[in-house]
Amino acid sequence: MAKMDAGDPAAGNTKIVPPLTSSLISLLKATAALSIIAVDDIMKMINRVNSTSFRTIELYTTGAAIYVAIGLSIGALAYLLEHHFTPKWSR
Amino acid sequence: MQLDFGIVLRAWPVLLGGFAYTVVLSIVVFVTGIAGGLAVCMLRLNQHSWVTAIARTYIGLFRTIPEMVLLFWIYYCLPLLAGISVPTVATGVLALALIASAYFGEIFRTGIAAVPTSQFEAGRSLGMHRLLIWRKIVLPQALPIVSGPVVNYSADIVKNTSLLAAIGIAETMYRAMALGSKSFRYFEFVTVAGVLYFAIIFPLSLYARSRGVTAAGRRHR
């Protein structure tokens with residue numbers, strides 16, 4: 001994709017990236033609550049494995065690390081995207 | 001399908017008790033979150049880069065980790081790690097307060113960053129003491145900026161307290177589900193619980209909107 005030129009009104013696209021990113025991360029966080037209604041997401045699987053193995057600390061720490069890894073990856077991708085759309089003159 | 005909201009009326013004291021618990025929990029999380037947020041903000045604005053790095057890591061971590069995950073992590077792991085029994089309410093409040101501290105810390109930091117550096121310099125050139133600059137120049141300008149986002153996140157705190165039902169804290173959502181399972185009238189109880197949450201959250205978001213916070217949680221003024 002070609003980079004935006006100086007003065008291109010579409011360069012304003014970069015403004016939607018940060019709020020979109022925080023909404024996406026909020027959405028990711030909200031999915032963890034689905035485990036309550038027995039959706040088999042990471043959180044539910046961890047609850048299940050925990051109820052038979054009782055490796056509580058290992059399981060829940062890994063679960064937290066998975067969510068943090070996904071969240072930080074979204075953040076990093078958004079940073080690259082924002083950088084990509086920001087015209088050179090305003091860097 | 002026949003609806004019978006009379007059953008809600010009969011169970012009203014129980015539901016209202018849960019609502020009062022929700023309000024109390026929200027206030028406790030809000031107050032501890034504000035205190036924690038001030039601490040995080042002070043660390044974040046510290047001169048030493050390693051202190052700043054700790055605050056940045058804290059903010060990054062606790063703004064990313066889902067409330068549900070931290071809730072379960074503290075609920076299950078803290079008693080194991082500490083080797084003591086911790087009251088369920090304490091684990092719940094701690095989890096939400098840790099996350100609230102990260103959000104409030106970042107809100108405070110952006111509020112203070114929005115006050116131009118020249119304001120500090122002007123104060124110093126008048127020979128004002130650092131504390132006096134903060135009290136008379138920086139904070140009076142930062143507080144109006146911060147009030148919208150703070151109230152906006154407070155609405156999120158109220159929403160987050162409903163997650164505490166998952167670890168068995170008898171607030172609004174827990175009681176609505178318990179009453180529902182007893183009478184199989186989930187529709188009525190959960191609807192009323194939703195209305196009760198709306199009654200607190202909607203005025204908060206109206207205020208936040210009047211202070212320039214958009215639906216995406218950003219200030220546009």
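These lines cover the structure that appears in this document, whether it is placed above or below. Since the model is a prediction, treat every value here as computed from it, not as a measurement.

The next point concerns the overall build of chain B. The helix and strand inventory of chain B stands at nine helices and zero strands. Reading chain B from its N end, one meets helices and strands in the order α-α-α-α-α-α-α-α-α. When each of the 221 residues of chain B is scored for burial, the buried share is 41%. Long-range contacts, defined here as pairs at least 24 residues apart, represent 73% of the contacts in chain B between residues at least 6 apart. When the accessible surface of chain B is totalled, it reaches about 11,600 Å², and 67% of it is carbon and sulfur. Across chain B, the 18 positively charged side chains and the 7 negatively charged ones have centroids separated by 10 Å.

As a further point, take the layout of surface pockets. Residue and element names in this part refer to chain B. By volume, the second largest pocket is sized at about 860 Å³. As for the second largest pocket, its lining consists of 22 residues, of which Leu45, Ile112, Phe120, Arg130 and Trp134 are closest to the centre. For the lining of the second largest pocket, the elements supplying multiple residues, two or more each, are α2 (12–44), α5 (88–113), α6 (117–125) and α7 (130–161). Broken down by element, the residue count for the lining of the second largest pocket peaks at eight residues, all from α7. For the lining of the second largest pocket, a count of residues per class yields 16 nonpolar, four polar and two charged.

Locating threonine 64 of chain B in the fold gives a position in helix α3 (residues 49–64). A distance of 2.5 Å separates the side chain of threonine 64 of chain B from the backbone oxygen of glycine 60 of chain B, its partner in a polar contact.

Right, let's get into the nonpolar core. Counting 48 residues, the largest nonpolar core has Ile65, Val69, Leu70, Phe104, Tyr153 and Leu164 of chain B as the members making the most contacts within it. Elements represented by at least two residues in this core include exactly α1 (17–31), α2 (42–53) and α3 (56–85) of chain A together with α2, α4 (67–82), α5 and α7 of chain B. Setting aside chain neighbours within four positions, we find tyrosine 153 of chain B in contact with Ile99, Ala100, Tyr103, Phe104, Ile107 and Asn160 of chain B. Membership of the second largest hydrophobic core comes to 16 residues, among which are Ala155, Leu179, Tyr197 and Ile201 of chain B.

Moving on, we come to the interface of chain B and chain A. A common measure of how large an interface is: the accessible area buried when the components associate. Chain B puts 20 residues into the contact, and the matching count from chain A is 21 residues. Interface of chain B and chain A: buried area, both sides summed, is about 1,700 Å²; carbon and sulfur atoms make up 77% of it. Remark: the boundary between chain B and chain A carries one salt bridge. The interface formed by chain B and chain A includes four residue pairs in polar contact (both at pLDDT 80 or more). Contributions of two or more residues to the side of chain B that touches chain A are made by α3 and α4 of chain B. Tallying contributions element by element places α4 of chain B first for the side of chain B that touches chain A, with nine residues. Classifying every residue of the side of chain B that touches chain A gives 15 nonpolar, two polar and three charged.

Attention now moves to the pattern of salt bridges. Within the structure shown, the criterion is met by seven salt bridges over all chains. Taking the shortest distance from any N to any O, the salt bridge between glutamate 67 of chain B and lysine 29 of chain A comes out at 3.4 Å. Of this pair, glutamate 67 of chain B sits in helix α4 while lysine 29 of chain A sits in helix α1, each in a different chain. Put simply, arginine 55 of chain A and glutamate 58 of chain A hold a salt bridge, and the shortest N to O gap is 2.6 Å. Taking relative accessible area as the criterion, glutamate 58 of chain A reaches 39% and is therefore assigned partly exposed.

All names here are of chain A. A grouping of Leu34, Ile36, Ile37 and Val39 is seen on the molecular surface, where their side chains present a nonpolar patch of about 350 Å² in accessible area. Structurally, the position occupied by leucine 34 is in the loop between α1 and α2. Leucine 34 gets classed as partly exposed once you look at its relative accessible area, which sits at 38%.

All names here are of chain A. Tracing the chain through its elements places lysine 44 in helix α2. Salt bridges are absent for the buried lysine 44, whose nearest opposite-charge side chain, aspartate 40, sits at 6.4 Å. If we skip the residues at most four places from it in the chain, lysine 44 touches Ser35, Ala38 and Val39.

Attention now moves to α2 of chain B. Compared with an ideal rise of 1.5 Å per residue, which puts 33 residues at 48 Å, α2 of chain B spans 46 Å between its outermost C-alpha atoms and is within 8% of the ideal. For α2 of chain B, every residue scored as buried is listed here: Leu15, Gly18, Phe19, Thr22, Leu25, Ser26, Val29, Gly33, Gly37, Val40, Cys41 and Arg44 of chain B.

Residue and element names in this part refer to chain A. Structurally, the position occupied by leucine 28 is in helix α1. Take leucine 28: its relative accessible area is 13%, and that puts it in the buried class. For the pair formed by leucine 28 and arginine 55, sequence separation is 27 residues and the distance between their alpha carbons is 25 Å. Leaving out residues up to four positions away in the same chain, leucine 28 has contacts with Tyr67, Ile70, Gly71 and Ile74.

So, how was this worked out
- Residues numbered from 1 in each chain as written.
- Chains lettered and ligands numbered in written order.
- Predicted model: local features only at pLDDT ≥ 70, side-chain atom pairs only at ≥ 80, totals over all residues.
- Heavy atoms only, no water.
- Helix = DSSP H or I, 4+ residues; strand = E, 2+ residues; numbered from the N terminus.
- Buried < 20%, exposed > 50% of the residue type's maximum accessible area, 1.4 Å probe, protein only.
- Contact = heavy atoms within 4.5 Å.
- Areas by Shrake-Rupley, 256 points an atom, 1.4 Å probe, with all protein chains shown as cover.
- Lys, Arg positive; Asp, Glu negative; His and termini not counted.
- Charge placed at Lys NZ, Arg CZ, Asp CG, Glu CD.
- 1 Å grid on protein atoms, 1.4 Å probe; cavity = no way out; pocket = protein on both sides within 12 Å on 5 of 7 lines; lining within 4 Å.
- Points joined across faces, edges and corners; volume = space filled by probe spheres on them.
- Nonpolar A, V, L, I, M, F, W, Y, C, P; charged D, E, K, R; others polar.
- Polar contact = N/O pair within 3.5 Å; in protein donor to acceptor, adjacent residues only side chain to side chain.
- Core = buried A, V, L, I, M, F, W, Y, C linked by side-chain atoms within 4.5 Å.
- Buried area = accessible area lost by both parts, 1.4 Å probe.
- Salt bridge = Lys/Arg side-chain N within 4 Å of Asp/Glu carboxyl O.
- Patch = residues over 30% accessible without salt bridge, like charges linked within 9 Å, V, L, I, M, F, W, Y side chains within 5 Å.
- Expected span 1.5 Å × (residues − 1).

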